[in-house]
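Examination of the molecular architecture
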Amino acid sequence: MKTNPLQHDPSCMDDLDPSSLLTDEATRQIQSRIAPTFGFEQINLRSALGRVLHEDVRSSRDVPGHTNSAMDGYAVRGVDLPKEGTRSFELLGTAWAGRPFSGEVSSGQCVRIMTGAPMPAGTDTVVIQEHVQLEDDKVQMDCSNQLGQNVRRAGEDIAKFQTVLETGRKLTPADLGLLASLGIGEIKVFRKLRVAFFSTGDELCSIGEQLEPGCVYDSNRYTLYGMLKRLGAEPIDMGVIRDRKQDTFEAFEAAAKCADVIITSGGVSVGEADYVKECLEELGQINFWKVAMKPGRPLAFGQIKDAWFFGLPGNPVSVMVTFYIFVQPALRKLMGESNAAPLHLQARSESKLRKKAGRTEFQRGILSLDASNQFTVSKTGAQGSGILTSMSQANCFIILPLEAESVESGSMVEVLPFAAVV
Ligand code: AMP
Ligand code: MG
């Protein structure tokens, strides 16, 4: 196991723990252990939005199926068009989308054609209607046109037998349209991932309950619910578990029966009333890590019976950061999604960013473009791990690497824009 290389640094790094695990190493360990969840279902096209394909889709036909006009105009033989001056063409009839012109077009003739109508036999070029002069049944065209223009070739979007979408693809609105254009009404997708989650802590109240002195409303179940929903998982809210061993034990057993993945928040640090660790040691194979990151730090990962387990820290921002960085890619893999590498950017920091060496920091930022089209980022106020407004206002993480110290305003920093998850 790779540990923090800065472990010999002086004592001013009070958060530094020589046994802490690097962020990338934690990710690598999680990703190397999990594999896509078994099972698929066949569902109709509309229900497949946001689901992950469990099959390669090959086209059984050309799209478009026939060479057709891209514009409203007149179909001609391109070689007939004048090189200079104008030429008059005899008008034979009209080709409509869905009602083709059945005759053959010879030299000096043309057919009125609508967008999407198949090109009449003999024609290969469309002159748009704004570029012709009409005189009785004659159509005048000038020398500004080019052979082959305004025509969409059969198969130019999708060729017959081509693989259009591959296993692991999370289906977008464009994909639904693509599948519809192939006449595909049902598709095989990975079955939904069931993710049970609960909060731990005697201080937590649920919405609707009277807030007793010293208590807080449980917000983690809502941020987790939102992120799971957006990822396309099936969230199973198991409520708040009190800091009692028996309750915690029973909650884990129940969750392992109904879910593929269990996520908890709170109780993984070593507070007196934290029974999560004790129960997990009896029930499953779990690693307890101190990750060299902020916010975050305590993280548990492993298995309880057949379910994967993620024990996240309790602080509201820490939950979201550790979910985003570790749980999100893991769930995507379990759901069968092929890895789309996240887009990291470089931006100029408009804030001074306080930072200690020895941990990777995920500060919350607002990324924008300045007047000269350069990315700039500013932090969202105070960065404490309990300050949920910092996440709510942010549109990106500013990632400050392990060995970095404070960053002056005007320096370039690495930025990870939020995908549509948080
Ligand atoms: P813990 O890791 O259980 O010691 O919790 C760390 C901090 O996060 C404490 O201040 C808790 O009150 C807070 N916290 C834990 N769980 C939640 C939750 N579900 N919603 C809001 N705050 C929480
Ligand atoms: Mg607690």
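Check the entry above for the structure.
Overview of the structure. Since the model is a prediction, treat every value here as computed from it, not as a measurement. (Residues numbered from 1 in each chain as written. Chains lettered and ligands numbered in written order. Predicted model: local features only at pLDDT ≥ 70, side-chain atom pairs only at ≥ 80, totals over all residues. Heavy atoms only, no water.)

We now examine the sheet that holds strand β16 (residues 234-241). Strand order in the open sheet formed by six strands is β16-β13-β17-β21-β20-β18, and the pairing between neighbours is mixed. If you trace the sheet from one side to the other, it starts and ends with β16 and β18 (284-290), each paired once. Taking the axes of each pair of neighbouring strands and ignoring which way they run, one obtains an average angle of 15 degrees across the sheet. Here strand β13 (residues 194-200) pairs with strand β17 (residues 261-265) via five bridges, running parallel. In the strand pairing of β17, F198 is matched with T264. (Pairing = 2+ DSSP bridges. Helix = DSSP H or I, 4+ residues; strand = E, 2+ residues; numbered from the N terminus. Axes fitted to C-alpha atoms, helices over the stretch in contact; angles between N-to-C directions.)

What the largest pocket holds in volume is close to 850 Å³. Lining the largest pocket are 28 residues, and of these I325, P329, P342, H344 and L416 lie nearest its centre. Mapped onto the lining of the largest pocket, the elements with two or more residues apiece are α1 (23-33), α6 (316-334), β23 (360-369) and β26 (412-417). If you tally residues by element for the lining of the largest pocket, the top one is α6, at five residues. Tallied by class, residues from the lining of the largest pocket come to 15 nonpolar, seven polar and six charged. In terms of domain composition, the lining of the largest pocket takes at least three residues from each of domain 1 (23-38 + 192-334) and domain 4 (345-420). In this structure, the second largest pocket occupies an estimated 480 Å³ of space. Of all the secondary-structure elements, those providing two or more residues to the lining of the second largest pocket are β13, β15 (216-217), β19 (293-294) and α6. Among the residues making up the lining of the second largest pocket, the classes are represented as nine nonpolar, 14 polar and eight charged. (1 Å grid on protein atoms, 1.4 Å probe; cavity = no way out; pocket = protein on both sides within 12 Å on 5 of 7 lines; lining within 4 Å. Points joined across faces, edges and corners; volume = space filled by probe spheres on them. Nonpolar A, V, L, I, M, F, W, Y, C, P; charged D, E, K, R; others polar. Domains from an automatic or database assignment.)

Residues in contact with ligand 1 amount to 14 residues; listed here are only the nearest, E203, D218, S219, N220 and G267. D218 has a polar side-chain atom sitting 2.7 Å from a nitrogen atom of ligand 1. The separation between an oxygen atom of ligand 1 and a polar main-chain atom of N315 is 3.3 Å. Isolated, ligand 1 exposes 480 Å² of accessible area, and the fraction of that covered by the protein chains is 76%. (Near = heavy atom within 4 Å. Polar contact = N/O pair within 3.5 Å; in protein donor to acceptor, adjacent residues only side chain to side chain. Areas by Shrake-Rupley, 256 points an atom, 1.4 Å probe, with all protein chains shown as cover.)

This paragraph deals with the nonpolar core. Counting residues in each nonpolar core, the largest one holds 43 residues, and the members touching the most others are V261, I263, F310, L312, F323, L331 and F397. Residue assignment for this core shows that the elements contributing at least two residues are α1, β13, α3 (220-231), β17, β20 (298-304), β21 (307-312), α6 and β25 (396-400). The leading source of residues in this core is α6, at 12 residues. If you count residues domain by domain, this core takes at least three from each of domain 1 (23-38 + 192-334) and domain 4 (345-420). For F310, the contacting residues outside a window of four places in its chain are I30, V261, I262, I263, T264, A300, F301, V327 and A330. A196, A256, I286 and F309 belong to the second largest nonpolar core, which has 21 residues in total. (Core = buried A, V, L, I, M, F, W, Y, C linked by side-chain atoms within 4.5 Å. Buried < 20%, exposed > 50% of the residue type's maximum accessible area, 1.4 Å probe, protein only. Contact = heavy atoms within 4.5 Å.)

A cis amide bond, omega -5 degrees, links V63 with the succeeding residue P64. Look at the link from K294 to P295: it is a cis peptide, with omega at -10 degrees. With respect to the helices and strands, P295 occurs in the loop between β19 and β20. In this structure, N150 takes a positive phi of about 60 degrees despite not being glycine. Along the chain, the position of N150 falls in the loop between β9 (138-142) and β10 (151-152). Notably, R297 is not glycine yet its phi reads approximately 70 degrees, a positive angle. Tracing the chain through its elements places R297 in the loop between β19 and β20.

Let us now look at helix α2 (residues 173-181). By the burial criterion, the buried members of α2 are D175, L176 and L179. Across the axial projection of α2, the buried residues extend over an arc of 105 degrees, all falling on one side. Turned more than 90 degrees from where α2 packs its buried face, P173 and A174 sit exposed. Its buried side turned inward, α2 meets β2 (57-58), β11 (163-165) and β12 (186-190). Immediately beyond the C-terminal end of α2, within one or two residues, lies G183, with a positive phi of roughly 80 degrees. (Arc of directions from axis to C-beta.)

Evaluated as defined, the whole model comprises nine aromatic pairs. Here a set of aromatic residues connected by ring pairs shows up, and it is made of W289, F301, W308 and F310. Sitting over the ring of F288, K277 keeps its end group 4.9 Å from the ring centre. (Phe/Tyr/Trp six-rings, centres within 6.5 Å; stacked < 30°, edge-to-face > 60°. Lys NZ or Arg CZ within 6 Å of the ring centre and 35° of its normal.)

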